[in-house]
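# Observations on the three-dimensional arrangement
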Amino acid sequence: GAGVSQSPRYKVAKRGQDVALRCDPISGHVSLFWYQQALGQGPEFLTYFQNEAQLDKSGLPSDRFFAERPEGSVSTLKIQRTQQEDSAVYLCASRGTQDLYEQYFGPGTRLTVT
Amino acid sequence: QQQVKQSPQSLIVQKGGISIINCAYENTAFDYFPWYQQFPGKGPALLIAIRPDVSEKKEGRFTISFNKSAKQFSLHIMDSQPGDSATYFCAASNTGANSKLTFGKGITLSVRP
């Protein structure tokens, strides 16, 4: 079946603009994670959803970052008033109920703030 | 404080050789230890993972060795191939919580033909 998809794959924003990044998880996966991957670094946790409930947002770097998953499937990560330090790849991962550990990652959205 | 540390930072291996990547962790609550492979422009893909109740797990050419007392685990790639050239990340999570993954910084493996 289809894997995790993310859109857009590339986004260029001028400093101060708002952006919205979309994640379509694997069908039926209840858990959804967002990670931020800076250039040359490992992914870092941002936030976690179980169905529509956001259970952990401890990794969001500032109140400019906001995530939602209103119907428990598609999720959107929104960044307001983008800054240059927000430039990174934003990865989405989903996890099913049969395997409580394995997370399946999407290809990511590369955000460049100019 | 970096909770998961990888070594070496980069690795060059000849085709057919053994690639060994090491990882050390700090948090004793971690109980799931996966290795991910990432190619340029792609998301990380799970290679192999281990729980602390076993000391070794093998899947094809990939083996994880786990040392709970030393808080270390390693990835061995046997008969390394040029197609294995990628960035490798170790990670860890506490499955009792939300199971968010804590990643190492990654190492770049180059397998020379």
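Refer to the preceding data block for the structure.
In what follows, the accompanying structure is described. Sequence order as written defines the numbering, with residues in each chain counted from 1. Each chain is given a letter, starting from A, and each ligand a number, starting from 1, according to the order in which they appear as written. The predicted origin of the model limits local features to residues at a pLDDT of at least 70 and limits the giving and counting of side-chain atom pairs to 80 or more, whereas totals for whole chains, interfaces and linings rest on all residues. The side-chain values count all of the structure's non-hydrogen atoms but skip hydrogen atoms and water molecules.

### Description of the overall build of chain B
Short version of the rule: Every helix listed is a DSSP run of H or I at least four residues long, and every strand listed is a run of E at least two residues long, numbered separately from the N terminus. This radius of gyration counts C-alpha atoms alone. The globule rule is 2.2 Å times how many residues there are, raised to the power 0.38. When a residue's accessible area, from a 1.4 Å probe over protein chains only, is under 20% of the maximum for its type it is buried; when over 50% it is exposed; and in between it is partly exposed. Contacts are assigned to residue pairs with any non-hydrogen atoms lying within 4.5 Å of each other. Areas reported as accessible are Shrake-Rupley estimates using a 1.4 Å probe. Residue values count occlusion only from the protein chains shown. We count Lys and Arg on the positive side and Asp and Glu on the negative side, and we leave His and both chain ends out. A charged residue contributes its charge at one atom only: NZ of Lys, CZ of Arg, CG of Asp or CD of Glu.
For chain B, the count of helices and strands is zero helices and eleven strands. The linear arrangement of helices and strands in chain B, starting from the amino end, is β-β-β-β-β-β-β-β-β-β-β. Here the C-alpha radius of gyration of chain B, 13 Å, is about what a compact globule of 113 residues would show, namely 13 Å. Each principal axis of the C-alpha atoms in chain B carries an extent, and together these give about 45 × 30 × 20 Å. Among the 113 residues that make up chain B, the fraction classed as buried is 43%. Counting contacts in chain B only where the partners sit at least 6 residues apart, residues at least 24 apart contribute 53% of the total. Accessible surface, chain B: about 5,400 Å² in total, of which carbon and sulfur atoms supply 47%. Once the 12 positive and 7 negative side-chain charges of chain B are each reduced to a mean point, those two points are 6 Å apart.

### Some remarks on a nonpolar patch on the surface
Applied cut-off: Patch rule: a residue counts if its relative accessible area is over 30% and it has no salt bridge; like charges are joined within 9 Å, and nonpolar side chains (Val, Leu, Ile, Met, Phe, Trp, Tyr) within 5 Å. We define a salt bridge as a contact between a side-chain nitrogen of Lys or Arg and a carboxyl oxygen of Asp or Glu at a distance within 4 Å.
Taken together, the side chains of Ile18(B), Ile20(B) and Met78(B) make up a nonpolar region of the molecular surface, amounting to roughly 240 Å² of accessible area. With respect to the element layout, Met78(B) can be found in the loop between strand E8 (72-77) and strand E9 (86-92).

### Section: the pairing of strand E7 (residues 62-67) of chain B
Residues and elements named next belong to chain B. Selection rule: At least two bridges found by DSSP between two strands are what make those strands a pair.
Pairing of strand E6 (residues 56-59) with E7 involves four bridges; the strand directions are antiparallel. Within E7, the position partnered with Glu59 by the bridge is Phe62. In the sheet, E7 pairs with E8 via six bridges, with the strands oriented antiparallel. Note that in E8 the partner of Thr63 across the bridge is His76. Between E7 and E8, which follow one another and run antiparallel, lie four residues, and Lys71 among them has a positive phi close to 55°.

### A short note on the nonpolar core
Using the following cut-off: We call a set of buried residues a nonpolar core when its members are Ala, Val, Leu, Ile, Met, Phe, Trp, Tyr or Cys and they connect through side-chain atoms within 4.5 Å of each other.
Core analysis: the biggest nonpolar cluster contains 25 residues, and Phe33(B), Trp35(B), Phe73(B), Leu75(B), Tyr88(B) and Leu109(B) have the highest contact counts within it. Secondary structure elements with two or more residues in this core: strand E2 (10-14), strand E3 (19-25), strand E4 (33-38), strand E5 (45-50), E7, E8, E9 and strand E11 (107-112) of chain B. Among the elements that line this core, the one with the most residues is E9(B), at four residues. Ranked by size, the runner-up nonpolar core spans 20 residues in total, among them Cys23(A), Trp34(A), Leu46(A) and Leu111(A).

### Notes on the environment of Gly41(B)
Within the secondary structure, Gly41(B) sits in the loop between E4 and E5. What Gly41(B) contacts, discounting residues up to four positions off in sequence, is Arg9(A) and Pro107(A).

### Side note on the sheet that holds strand E7 (residues 65-68) of chain A
Residue and element names in this part refer to chain A. We apply this condition: Working convention: axes come from line fits to C-alpha atoms, limited for helices to the stretch in contact. Angles between N-to-C directions cover 0 to 180 degrees.
Taken together, the four strands give an open sheet; going across it, the order is E1-E3-E8-E7, and neighbouring strands pair in antiparallel fashion. Where the open sheet ends on each side, the last strands, each with one partner, are strand E1 (5-7) and E7. The sheet shows a mean angle of 15° between the axes of neighbouring strands, direction not considered.

Everything listed here is a matter of coordinates, which is why it stays silent on function.
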